[in-house]
Amino acid sequence: MRAFLVAPIFPLVSAVSVSIPLSAGNSVPPVDGNLFSLSIEQDRWLEWVGNVTRNSFFFNALDNLVALTGADPTIRIGANSEDHTNFNPNVQFVQQLFPPPTTTFPYPEATSIVAGPGFYQGAQFLPAGTGVTWGVNLGGNNLTAVFLETKAIIDAFASPALANAGITLDFLELGNEPDLYKLKGLRPSSYSVSQYTSEWITLATNMSRTANLAGSDTRIWAGSFAESSHSSTDFSPQGIFANHILSSEPGSFIDTISQHHYSGSFCVGSGGLLQDLMTKATIRSNLTIYTPDIEASQDMGLDYVLGETNSYSCHGAPGVSNAAGAALWTLDYALFATQLGISKVFFHDGIGFKYNLIQPVTLARSTLDGSPLATPLKPHVQPQYYAAIIAAEAIGDSDKTQVHELSINDPRISGYAFYERGSLKRAVFINSLAFLSGATSRTSTHLDLSFSGTVTKPTSFSIKRLVIGHADDTSGLTWGGQTYETSDARVGGTATSETGAVSVGLDIPATQVVMITFN
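Bear in mind the structure is a predicted one, so any value in this text is a computation, not a measurement.

For this particular structure, what's the right way to read the packing of aromatic side chains?
Within a pair of aromatic rings, the relevant descriptors are the distance that separates the centres and the angle that separates the planes. All told, the structure shown has 24 aromatic pairs when counted by the stated rule. Summarising the aromatic geometry, the rings of Trp48 and Phe58 are spaced 5.2 Å apart at their centres and angled 75 degrees between planes, so their arrangement reads as edge-to-face. Remark: Phe58 occurs in helix 2 (residues 56–69) and Trp48 occurs in helix 1 (residues 45–49); sequence separation between them is 10 residues. As far as burial versus exposure is concerned, Trp48 and Phe58 are alike and both buried. Pairwise contacts between aromatic rings join Trp45, Phe87, Phe119, Tyr120, Trp134 and Phe157 into one cluster. The ring of Tyr107 has Arg365 lying over it, and the distance from NZ or CZ to the ring centre is 4.3 Å.

The following block contains the structure:
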């Protein structure tokens, strides 16, 4: 590894003081190594893993994260597709119907999925130890269909190929965003949370008995709402609790409340500004709205996850969701989520979606507007993937990590301290000021570091940087001098690091992430 001293290379326009606690108390939340998880659109999910042989690109991209934390991946398979899926034992893998691509939806979701045994058996190509959440069709409101699909899922995970690899069915999810059913024509316009809960209990009783949840470790995700009323009279965790979901037979198997959230929408073809997505205050306001739901869930002894999330709904906004600046949004968004009691963040990906962390297969159409590509786009990682790598490296492999958001009086600078067994080990800083193509001057902020606490204070540290040319670039990022934009998703290039002194502090340019490891 090549090491070199810190040298300012951008004009300083401000300096901020950052006080870092040397020890983590009990109030500092723990963070799992699989904080960054994936939600995969179910229709083309076999293309992610492979139906006969393993998709090595996707496998490698997951394995990179496992190598940094030692934590098994957690993946949700479902989303909008789950309410269009039915099982047929006479189909080997899957039969699907897709609408034509459009400029807004270059890779639309299937409107009909008929899945056979091989569709579920494809989970054997996931990394050993992967924990899976699988979505079951509630939209069809068909008891027989729920029975057949649930049995197919259970049979697949009981097979030697999955069982021997330790690939487990951690959760079942019944229905995707049922609060939107009345807008999608799946239920009448009067569909209420009480009707939903009653219907869910009936079908989930079928599902839980078919899966023999009483005799297994598999549990249920509940909710999976697109929005939340935060009230007991409409769609929200409080709403289904008030309608006695937890006291029902299948409700006894509910372990986790899942919430979906996007920071904006591209559903009508108009996007947002990249800086708006990246802004520190916006990230926080987008998540703190769920504080009442998180507290209500925890009061019931339940875990709370973002079971499907990403930047802009309807597969992302071009020039925003696929841009380098989105990596900074992704990192700050996931780390801030931990401070609210959100245990995992499942970033939604689908074949050809603009906001993907990983594009796992060769694509013949543009992900931005659906136009044919003169040269097919080979499998690759997108900028957001670097956020997952940085978080994994910051969390480490101790299995006893806590993360604490640092109080920084600056609207663009975010910071988090990481502790192992209560002791300070690392800190991550994010400068979310967007340095865009065409800008003539890139500014930098100086961080003056100090510590609180009585244990011995570190005096020096090493630095790694996520270096980005411009916030609206779509490639060319490096983390510690290395790239993951390779043909096999494995890291390439020569690692670099800097050294710094606490008494001097450090500089962080606009549109950059730094991680410091204390000596």
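After presenting the structure, the write-up continues.
Before we go on, may I ask you to explain the sheet that holds strand 9 (residues 168–174) in this structure?
The strands making up a sheet are joined through hydrogen bonds of the backbone, oriented either antiparallel or parallel. If you walk around this closed barrel you meet the eight strands as 3-4-8-9-10-11-12-13, and the pairing is parallel. Along the sheet, successive strands turn relative to each other by an average axial angle of 25 degrees, direction set aside. Note that strand 9 and strand 10 (residues 219–225) share three bridges and pair parallel. The partner of Leu172 across the bridge, within strand 10, is Ile220. Of the strands in this sheet, strand 8 (131–136), strand 9, strand 10 and strand 11 (254–265) are in contact with helix 6 (residues 193–210), which crosses strand 9 at around 145 degrees.

What exactly am I supposed to notice about the UniProt feature "domain: Beta-glucuronidase C-terminal" (unreviewed entry) in the chain here?
UniProt annotation of "domain: Beta-glucuronidase C-terminal" (unreviewed entry) refers to residues 415–515 when read in the numbering used here. Strand forms 48% of residues 415–515 and helix 0%; the C-alpha atoms that close the span are 10 Å apart.

Can you help me understand the pattern of salt bridges in this one?
Where side chains of opposite charge bring their charged atoms close, a pairing between them can arise. A full pass over the atoms with the stated rule returns 14 salt bridges. One salt bridge connects Arg44 with Glu47, and the closest N-O pair in it is separated by 2.7 Å. Salt-bridge contacts for Arg187 lead to Glu199; the nearest nitrogen and oxygen are separated by 2.7 Å. Here the residue Arg187 occupies a position in the loop between strand 9 and helix 6, and Glu199 occupies one in helix 6, the gap between them amounting to 12 residues. The network of salt bridges with shared partners includes Arg76, Glu82, Glu173 and Glu308.

Would you mind going over helix 4 (residues 143–158) with me for this structure?
Residues separated by three or four positions in an α-helix point in the same direction, a consequence of the helix having 3.6 residues per turn. For helix 4, which comprises 16 residues, the first-to-last C-alpha distance of 22 Å matches the rise-based estimate of 22 Å (1.5 Å per residue) to within 8%. Against strand 5 (85–87), helix 3 (117–121), strand 8, helix 5 (160–163), strand 9 and helix 6 lie the buried residues of helix 4. Between the side-chain oxygen of the N-cap and the backbone nitrogen of Thr144 there are 2.9 Å, and the N-cap of helix 4 in question is Asn142.

Help me understand the nonpolar core in this model?
One broad trend across soluble globular proteins is that nonpolar side chains are buried collectively. Within the largest apolar cluster, 122 residues are counted, with the highest numbers of intra-cluster contacts made by Trp45, Phe58, Trp134 and Leu466. Non-local contacts of Trp134, meaning those with residues more than four positions away in its chain, are made with Gln42, Trp45, Ile77, Phe119, Tyr120, Ala123, Ile153, Phe157, Leu169, Phe171, Leu172 and Glu173. Counting residues in hydrophobic clusters, the runner-up holds 25 residues, among them Ile20, Ile413, Leu449 and Ile516.

In this structure, what is going on with unusual backbone geometry? I would like to understand it.
Residues apart from glycine generally show negative phi values, whereas peptide bonds are mostly found in trans. Its identity as a non-glycine residue notwithstanding, His230 has a phi of 60 degrees, on the positive side. Mapped onto the elements of the fold, His230 is located in the loop between strand 10 and helix 7 (237–242). In this structure, His244 takes a positive phi of about 70 degrees despite not being glycine. The topology assignment puts His244 in the loop between helix 7 and strand 11.

How do you make sense of the side chain of Asn55 when you look at a structure like this?
By secondary structure assignment, the location of Asn55 is in the loop between helix 1 and helix 2. Note on Asn55: relative accessible area 14%, which makes it buried. Only 3.0 Å separates the side chain of Asn55 from the backbone oxygen of Glu47, close enough to count as a polar contact. Of note is the side chain of Asn55, whose polar atom sits 3.0 Å from the backbone oxygen of Pro360.

Is there a simple way to explain the environment of Gly122 in this structure?
With respect to the helices and strands, Gly122 occurs in the loop between helix 3 and strand 8. Once residues lying within four places of it in the same chain are set aside, the contact partners of Gly122 are Trp45, Leu46, Val49 and Gly50.

Sorry if this is basic, but what is going on with the sheet that holds strand 6 (residues 94–97) here?
The sheet built from three strands is open, its strands ordered 5-7-6 with mixed pairing. The sheet is open, and its two borders are formed by strand 5 and strand 6, each paired with just one other strand. Neighbouring strand axes in the sheet, compared pairwise and without regard to direction, differ in orientation by 15 degrees on average. Sheet analysis places strand 5 next to strand 7 (residues 112–115), joined by three bridges and oriented parallel. Counterpart to Asn86 in the pairing with strand 7 is Val114.

Reading the values: the criteria
- Residues numbered from 1 in each chain as written.
- Predicted model: local features only at pLDDT ≥ 70, side-chain atom pairs only at ≥ 80, totals over all residues.
- Heavy atoms only, no water.
- Phe/Tyr/Trp six-rings, centres within 6.5 Å; stacked < 30°, edge-to-face > 60°.
- Helix = DSSP H or I, 4+ residues; strand = E, 2+ residues; numbered from the N terminus.
- Buried < 20%, exposed > 50% of the residue type's maximum accessible area, 1.4 Å probe, protein only.
- Lys NZ or Arg CZ within 6 Å of the ring centre and 35° of its normal.
- Pairing = 2+ DSSP bridges.
- Axes fitted to C-alpha atoms, helices over the stretch in contact; angles between N-to-C directions.
- Contact = heavy atoms within 4.5 Å.
- UniProt positions renumbered as here; feature names shortened; annotations may be inferred.
- Salt bridge = Lys/Arg side-chain N within 4 Å of Asp/Glu carboxyl O.
- Expected span 1.5 Å × (residues − 1).
- Polar contact = N/O pair within 3.5 Å; in protein donor to acceptor, adjacent residues only side chain to side chain.
- Core = buried A, V, L, I, M, F, W, Y, C linked by side-chain atoms within 4.5 Å.

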